[in-house]
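For reference, the chains in residue letters:
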Amino acid sequence: MRISHAVIAAICLSLIGCAAKRVTYHLSSLPLVTTLGSDSIAKTLTAIIERSSLPPQDIAILIERADGSVVYSLNAKEPMLPASTMKILTSMAVLDALGPAYRFSTDIHYTGTLNNRVLEGSLFIKGNGDPTLDVGALRRILRRLRAQGVDRFHGKLILDTSYFQERGSINNGFLRSSSFNPALSPLSIENNKIKLELTTDKNARGVKRNLLALVTPVNEGFSVLADTAPLGFAAHHNPQCYMAWSDVLARHQISCYQETLTPASKTMSVTEPAYLFSGIFTRLAAGEGWSFSSVEKGTIPATSVKLLSHLSKPLADILPDLNIDSNNFIAEMLLLSAASESLDRPANEQDAADLLERFTKETLSLRDGSLYADNGSGLSRNARLSPTHLVRAMQFADKNRDAFADLALSLPLAGWQGTLTKRLRRNQAQLKIIGKTGHIDYVSCLTGIGHSANGQVFFFAIMNNDKQGLEQSSALSALEREEESEWQRTTVIASNFRKLQDRLLLTLLRSNL
């Protein structure tokens, strides 16, 4: 749902005060603020910040030239919620642990007999954290199995998800079935998401009759139910649906609030990824004449015979999939896999966070104690980074290009790609900035590298946290955060933060640093 500028303005007036009550903060009179840099640029940037009427404590900025000299600094060491700018550190930690050429494997084994191109027994599929598996990959696996002498299969399908500890969502503090908060499993497919499509069928005369529900890429394993009880979501969620796993039925159940059911589509995250994988795989295999007596979880026995390993593309080519569109699922999968490889045992959520902490302390030398990461995606209300942390990380990657050149290549270009497609599109800015955005409720951040008018490279981190909003909403449940008034308020705040970030960067791009 898109909101017009007029509606946003109206919401802004009702929620945060009209222009007559506009507050102006003079940074020079506030002791908590430190501004550094050349006088003319500092004064210009300070004036932009003051005109924004945003409280100074909600803003933290560090801008430095390639030689490390400061262009501008404001609360630069203040720990802030980073949202998805955490993916900068995650990308670097994973590159450091695995290397850019690393490929993720999905292994196929069997026990039983293979006679006359017919395999009977148990087929084992072990996932090793490949975040890129999709329907096309499974079709290629089946084609390779045929090339290796397996035309048909009869028996059990056993899914080995032991590589790292599975999780039902990235963070339970956020809505679980939301597309940005998927479940995690070593054996995952299609980012562990499905698309629910609601359509109407028609009779022979073209008259619409019933509302039909279609789940893609596969219907098996899903039940869609009409619920008369409101789910409490805001209108921008329509159709209002929620997914949960039923142990009794051994399938996902999607409950939709009946009054919001109109022809539409919705992307949702599953909570049991391995069974989404098996649903897709068994359907594709059935077309090859394969049949499965049961599907269950287990581990590959030492007595099994290996048929093949499917390999992903190199890590260096996966990082753009992570950073350009800010993919939470890929971030978490990569970090959990890197932890499992480093520890040589199945990693859990804490192991992944520990790997990230060790990298920041031991490799980046960020030891001031204010940095905290509890996951790799930044989908967190507990994580803390400062602009100094982010700028130092970007500078380290730039100085150590042999190891981290793929970080810069994975970031979106302003005005052109991913999360920056619709930002900084003016002539002075387009394609002159690479950056990583970050956004959750009451938080908006942007960090990256730019080029000024005279060709000077600068590193920047602009972090905005509405600290009053964060405090006031701290006790809200994940569902309460989706209420209409709360969503409208955070939409306005995010827009104001982004406007400030873009104005500051446009000024830098026009300047001679």
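Quick note: structure is the one above.
Everything in this summary refers to the structure shown in the same document. (Residues numbered from 1 in each chain as written. Predicted model: local features only at pLDDT ≥ 70, side-chain atom pairs only at ≥ 80, totals over all residues. Heavy atoms only, no water.)

1. Topic: the packing of aromatic side chains
Right, so step 1: Scanning the entire structure with this criterion turns up 13 aromatic pairs.
Right, so step 2: Seen from their ring centres, phenylalanine 281 and tryptophan 290 are 6.4 Å apart, and the 85° between their planes marks the pair as edge-to-face.
Right, so step 3: Among the aromatic side chains, those forming a connected cluster through ring pairs are Phe153, Phe277, Phe281, Trp290 and Phe292.
Right, so step 4: Positioned above the aromatic ring of phenylalanine 174, the side-chain terminus of arginine 381 is 3.9 Å from the ring centre. (Phe/Tyr/Trp six-rings, centres within 6.5 Å; stacked < 30°, edge-to-face > 60°. Lys NZ or Arg CZ within 6 Å of the ring centre and 35° of its normal.)

2. Focus: the packing of helix H3 (residues 86–98) against helix H6 (residues 315–323)
If you want to describe how two helices pack, look at the angle between their axes and the distance between the axes.
Right, so step 1: Where H3 contacts H6, the two axes come as close as 11 Å, and the packing angle between them is 170°. Accordingly, the angle class assigned to the pair H3 and H6 is roughly antiparallel. Across from Lys87, Ser91, Val94, Leu95 and Leu98 in H3, the residues of H6 making contact are Leu315, Leu319, Leu322 and Asn323.
Right, so step 2: For the contact of H3 with H6, the per-class residue count stands at 6 nonpolar, 2 polar and 1 charged. (Axes fitted to C-alpha atoms, helices over the stretch in contact; angles between N-to-C directions. Helix = DSSP H or I, 4+ residues; strand = E, 2+ residues; numbered from the N terminus. Parallel < 35°, antiparallel > 145°, perpendicular 65-115°, else oblique. Contact = heavy atoms within 4.5 Å. Nonpolar A, V, L, I, M, F, W, Y, C, P; charged D, E, K, R; others polar.)

3. Looking at unusual backbone geometry
Right, so step 1: With omega at 15°, the peptide bond leading from threonine 216 into proline 217 counts as cis.
Right, so step 2: Its location among the elements puts proline 217 in the loop between strand E7 (208–216) and strand E8 (222–227).
Right, so step 3: Phi at asparagine 191 takes a positive value of approximately 60°, unusual for a residue other than glycine.
Right, so step 4: By the element assignment, asparagine 191 lies in the loop between strand E5 (152–160) and strand E6 (193–202).
Right, so step 5: The class for asparagine 191 is buried, based on a relative accessible area of 19%. (Buried < 20%, exposed > 50% of the residue type's maximum accessible area, 1.4 Å probe, protein only.)

4. Some details on the nonpolar core
Right, so step 1: Formed by 93 residues in total, the largest nonpolar core has its most connected members in Ile61, Ile63, Met92, Leu334, Leu505 and Leu508.
Right, so step 2: Per-element tally for this core: the top contributor is helix H7 (residues 328–343), with 9 residues.
Right, so step 3: Beyond its immediate sequence surroundings of up to four residues, leucine 508 is in contact with Ile41, Leu45, Ile63, Val71, Ser452, Ala453, Phe458 and Leu513.
Right, so step 4: Listed in part, the 38 residues of the second largest apolar core include Tyr110, Leu133, Leu159 and Leu196. (Core = buried A, V, L, I, M, F, W, Y, C linked by side-chain atoms within 4.5 Å.)

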